[in-house]
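Structure at a glance
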Amino acid sequence: MATDAPRSGGRLGAASSGPRPRPSRSPPRGGGFGDGNSGGGGGNGTTLASRRAAMRGSASSKPLFGTVTWMMIVFCSSFAAFYLGVWTGMAASSGFDGKDGKRKLASPLGGVSELPDEELQRKVEALAKQKVKAQLKRLCGALTSTNPAPPQRPPRRNAKGESILFSKSIQHFAQGLARVSKDDLMTTFDFGVPQTRVAENLDALILYNHRGALPSDENVAAAARYEDPSKPLPLLSASQATENCDAMNVITIDSPGNKRQCYALIGGQYQGYNVQRWMRVPPSRAASIAGYGAGRGKPDPSLPLTHVSRAYTASGREEFPVPQTRHVQMHREKLLTYLTEVEDVKRRLKALLTKMDRRAVVVLTCNKGQSELLMNFACSARARGFDLSQVLVFPTDAETRDLALGMGLHAFYEEKLMATVPKSEAKTYGDGTFTRVMFAKVLCVQLVNELGYDLLFQDADVVWYKDPVEYFRDETSLPKFDLYFQDDGSRQERYAPYSANTGFYYVKSNDRTRHLFRHFVYASDLIDAWYSHQQALIQLLAEHASLYGLRVKVYPKEAEEFPGGVQYHRKRDVMKEIMAGKTNAYIFHMSWTKNKDDKLKFFRQMGEWYLKDECAGKDAGEIARGDGGGGGGGAPKARLATRCCSAEPLITCHYRDKPSKVPCDDAPFIDRNTKPF
């Protein structure tokens, strides 16, 4: 009856503490859990704890020698016996001739051969090694066939299915990982950012912070928790990977400058939606000392990590310096004028928009220095038969107002708001003139958007192949976003995460977009500090997308609908299709170009220039006098278009390595180390 005690104790343990311990193969000595020393007699008086302790001791006891040890003993014994037998046989079959120091070795073919001791020793050792090798092979084969070794087991997983990767110390925010095709994820969920095509066939990672967020399939969930290290992380569809996610936080990452980067995920904190950037750079010094682009110096691996701006580059350049006093003062003056005049401006602009009778309008702004591009846009659109009654120009000076009206365009000129904008064109991208013109781009969009109109904003250096407004007004095929941008093509850190080109974009008027552009008006000192309208607007887009759920869509540069400078300078195959008229493009935007002179030359060579030379660079009065229309300021509406616009493109060659409508083999190169187009 003593053997019943362990069984009874085993059942009790299983009922009260989880999995039943495996009982010992023989009953504990003494006939039960107690013995004479414990006062328990036959075990009837023992406590539950003492029974469990005795049973654990019994279950965990091990034999003196394990299976592997016995195998080694047998192996060594066999080896020693066999080797001794070989030597004994050799000795028995040989003799020794004491006269000449030679041994006599019996030959298997009969007779006796005499060999010197050294030669005999060598032959015996060689034969012994051969015999031992054969014996080892036979012995190992027998062991494998009769007692095969257990397969290599992965690291132990406990009975509850806990992960060996996601330890308890991180399970409050990390419970599993799954792979999803990057293309599948970004197609299923359109995050708005342009997908990098060179990264196709790569995977994204989904990190689960709760077991309930794991996929419903138990096997997939176990694999995501890495419960079996012999299996890889599961590769799932985007739908399956996120089927139980109540929310998903999305982070797009890259390695700018090919830096060695780490990502720290800190659980148990307040939820954060912004990224802190730390780099190994010299101690801080004021970026304002050297102005835009100043920084602390290039990263140095010997230095400790320190907090920096999110646009601090690998070259040591600070792309986001804080606006300084001079920037704030300039902006304050412009903002004061805007706030003083805005209500009257909105009243008069509302009247004009009502007269235009459009739900969506095309908005441009231009000064005298860029007016040739504005006139060419109007001429090219007329040549292709587009309706320009939907176009509203915000000229920054009276001369451009008269030219716009003379080309048959609507114009709204507010002298007080535009008083700080120079009339001359910018000599290069980002110079002082360029920067001051940018505030006009902010105002014209904000005012129209504020009045409740959808709008397409475009720079003057755009030509149309198809009416782009129709594309954005087609609600049946248009993805659901608040703003739609052409992809700039540049992947500089200062344009992250959207790389939106702010010279061609469509805006739906709603609460989110109205707040965005009000904010932009108030924060336009960033344009003066950063010398870029584009850079400032992209950062506001990113902030408002995170803070207010603003929905931003950037069409990837590979999309053929909205080509621009990146295609012109880097995608010859695309440009050849455009030159041949084999394209589905709606527009072409001559971005990525140093100045107006280059833009004019490139347009002429592309076959996209329709403005006659006699009107280029002249104001409306000069053109009217040349037409016999008399002097004075202004010109009859649309009269300039009749005189200045060509029905056919005016093509001239300038550079043999740039896209051209006709062969330009005799023209010079403009870029180094390039081939003719």
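As the structure is a computational prediction, the values presented were derived from the model and not from experiment.

Moving on to the sheet that holds strand β5 (residues 203–208). Strand order across the open sheet formed by 3 strands is β5-β4-β6, with mixed pairing between neighbours. Strands with a single pairing partner mark the edges of an open sheet, and in this sheet they are β5 and β6 (235–236). Where strand β4 (residues 176–181) lies against β6, 2 bridges are found, and the strand directions are parallel. Across the sheet, residue Val 180 finds its bridge partner in β6, namely Leu 236.

Let's shift gears to unusual backbone geometry. Leaving glycine out, the prevailing phi sign among residues is negative, and the prevailing peptide bond configuration is trans. With an omega of 5 degrees, the peptide bond between Ala 496 and Pro 497 qualifies as cis. For Pro 497, the position within the fold is in the loop between β14 (483–487) and β15 (500–507). Phi is positive for Ser 499, close to 50 degrees, though the residue is something other than glycine. Residue position: Ser 499 is located in the loop between β14 and β15. A residue is classified by how much of its surface remains accessible, and Ser 499, at 3% relative accessible area, is buried. The phi angle at Tyr 531 is positive, at roughly 55 degrees, despite the residue not being glycine. With respect to the secondary-structure elements, Tyr 531 resides in the loop between α14 (525–530) and α15 (533–548).

This part takes up a nonpolar patch on the surface. Taken together, Ile 251, Ile 253 and Tyr 263 make up a surface patch of nonpolar side chains, about 360 Å² in accessible area. Relative to the helices and strands, Ile 251 is located in the loop between α7 (238–241) and β7 (277–279). Taking relative accessible area as the criterion, Ile 251 reaches 60% and is therefore assigned exposed.

Let us look at the state of the cysteines. For the structure shown, the criterion picks out 3 disulfides. The disulfide partner of Cys 653 is Cys 664, and the S-S distance across this bridge is 2.0 Å. Because the torsion about its S-S bond is -75 degrees, the bridge between Cys 653 and Cys 664 counts as left-handed. Taken together, the residues span a long stretch of sequence, with Cys 653 in the segment after α20 (639–644) and Cys 664 in the segment after α20 at a distance of 11 residues. Cys 653 gets classed as partly exposed once you look at its relative accessible area, which sits at 34%. Overall, the relative accessible area of 6% leaves Cys 664 in the buried class. Once the disulfide-bonded cysteines of the protein chain are ranked by sequence position, their pairing pattern turns out to be 1-4, 2-3, 5-6.

So, about helix α17 (residues 572–579). Those residues of α17 that fall on the buried side of the exposure criterion are Met 575, Ile 578 and Met 579. Along α17, the residues classed as buried sweep out an arc of 100 degrees about the axis, all on the same side. Contacts made by the buried residues of α17 are with α16 (565–570), β17 (587–589) and α18 (596–606). Two residues or fewer past α17, Gly 581 is found with a positive phi of approximately 75 degrees.

Once that is clear, we can look at the sheet that holds strand β9 (residues 360–366). Within a sheet, each strand pairs with its neighbour through backbone hydrogen bonds, oriented either parallel or antiparallel. Here 7 strands make up an open sheet; going across it, the order is β11-β10-β9-β12-β15-β14-β16 and the pairing mixed. Each end of this open sheet is capped by a strand with a single partner; those strands are β11 (410–411) and β16 (552–555). In terms of strand pairing, strand β10 (residues 391–395) meets β11 through 2 bridges, oriented parallel. The residue of β11 that forms the bridge with Leu 392 is His 410.

Let's shift gears to the pattern of salt bridges. Across all of its chains, the model carries 30 salt bridges by this definition. Here Arg 347 ties to Asp 344 by a salt bridge, and the two come within 2.4 Å at their closest N and O atoms. In this pair, Arg 347 and Asp 344 are both assigned in helix α8 (residues 325–356), 3 residues apart and thus about one turn of the helix distant. Exposure remark for Arg 347: the relative accessible area of 53% places this residue in the exposed category. Here the residues in one salt-bridge network are Asp 344, Arg 347, Arg 348 and Glu 414, joined through shared partners.

A separate point is the packing of helix α9 (residues 371–383) against α18. Orientation of α9 relative to α18, taken along the N-to-C sense of each, is 25 degrees, at an axis distance of 10 Å. Taken as axis vectors, α9 and α18 run roughly parallel relative to one another. Between α9 and α18 lies a crossing of left-handed hand. Across the interface between the two elements, Glu 372, Leu 373 and Asn 376 of α9 pack against Lys 596, Lys 599, Leu 600 and Phe 603 of α18.

Mean pLDDT over the protein chain: 82, with 73% of residues reaching 70 or higher. Every residue in residues 1–62 is under pLDDT 50, and counting partners more than four places away or in other chains gives 40 contacts. Note on residues 105–112: pLDDT under 50 across the span, and 10 contacts to partners over four residues away in sequence or across chains.

Its place among the elements puts Asn 376 in helix α9. A distance of 3.1 Å separates the side chain of Asn 376 from the backbone oxygen of Glu 608, its partner in a polar contact. Residue contacts for Asn 376: discarding those within four places in its chain leaves Val 463, Phe 603, Glu 608, Trp 609, Tyr 610 and Leu 611.

Bringing the packing of aromatic side chains into the picture now. The final tally for this structure, using the stated rule, is 24 aromatic pairs. Centre to centre, the rings of Phe 472 and Phe 562 are 5.5 Å apart; their planes meet at 10 degrees, and the pair counts as stacked. Of this pair, Phe 472 sits in helix α12 (residues 468–473) while Phe 562 sits in the loop between β16 and α16, and the two are 90 residues apart along the sequence. Just as Phe 472 is buried, Phe 562 falls in that class too. Judged by centre distance (6.1 Å) and plane angle (70 degrees), the rings of Phe 602 and Tyr 655 are edge-to-face. Linking Phe 602 in helix α18 with Tyr 655 in the segment after α20, this pair joins segments that are 53 residues apart in sequence. The two residues Phe 602 and Tyr 655 agree in class, both being buried. In this structure, Lys 334 packs its charged tip against the face of Phe 439, placed 4.8 Å from the ring centre. A cation over a ring is seen here: Lys 553 above Tyr 555, with NZ or CZ 5.7 Å from the ring centre.

In this section: α15. Taking 1.5 Å per residue, 16 residues should reach 22 Å; α15 reaches 21 Å between its end C-alpha atoms and fits that length. Turning to α15, the residues buried within the fold contact α11 (432–450), β14, β15, α13 (511–522), α14 and β16. At the exit of α15 stands Gly 549, carrying a positive phi of roughly 75 degrees.

The rules behind these values
Residues numbered from 1 in each chain as written. Predicted model: local features only at pLDDT ≥ 70, side-chain atom pairs only at ≥ 80, totals over all residues. Heavy atoms only, no water. Pairing = 2+ DSSP bridges. Helix = DSSP H or I, 4+ residues; strand = E, 2+ residues; numbered from the N terminus. Buried < 20%, exposed > 50% of the residue type's maximum accessible area, 1.4 Å probe, protein only. Patch = residues over 30% accessible without salt bridge, like charges linked within 9 Å, V, L, I, M, F, W, Y side chains within 5 Å. Areas by Shrake-Rupley, 256 points an atom, 1.4 Å probe, with all protein chains shown as cover. Salt bridge = Lys/Arg side-chain N within 4 Å of Asp/Glu carboxyl O. Disulfide = S-S within 2.5 Å. Arc of directions from axis to C-beta. Contact = heavy atoms within 4.5 Å. Axes fitted to C-alpha atoms, helices over the stretch in contact; angles between N-to-C directions. Parallel < 35°, antiparallel > 145°, perpendicular 65-115°, else oblique. Left-handed = near helix turned anticlockwise from the far one by under 90°. pLDDT = per-residue confidence, 0-100. Polar contact = N/O pair within 3.5 Å; in protein donor to acceptor, adjacent residues only side chain to side chain. Phe/Tyr/Trp six-rings, centres within 6.5 Å; stacked < 30°, edge-to-face > 60°. Lys NZ or Arg CZ within 6 Å of the ring centre and 35° of its normal. Expected span 1.5 Å × (residues − 1).

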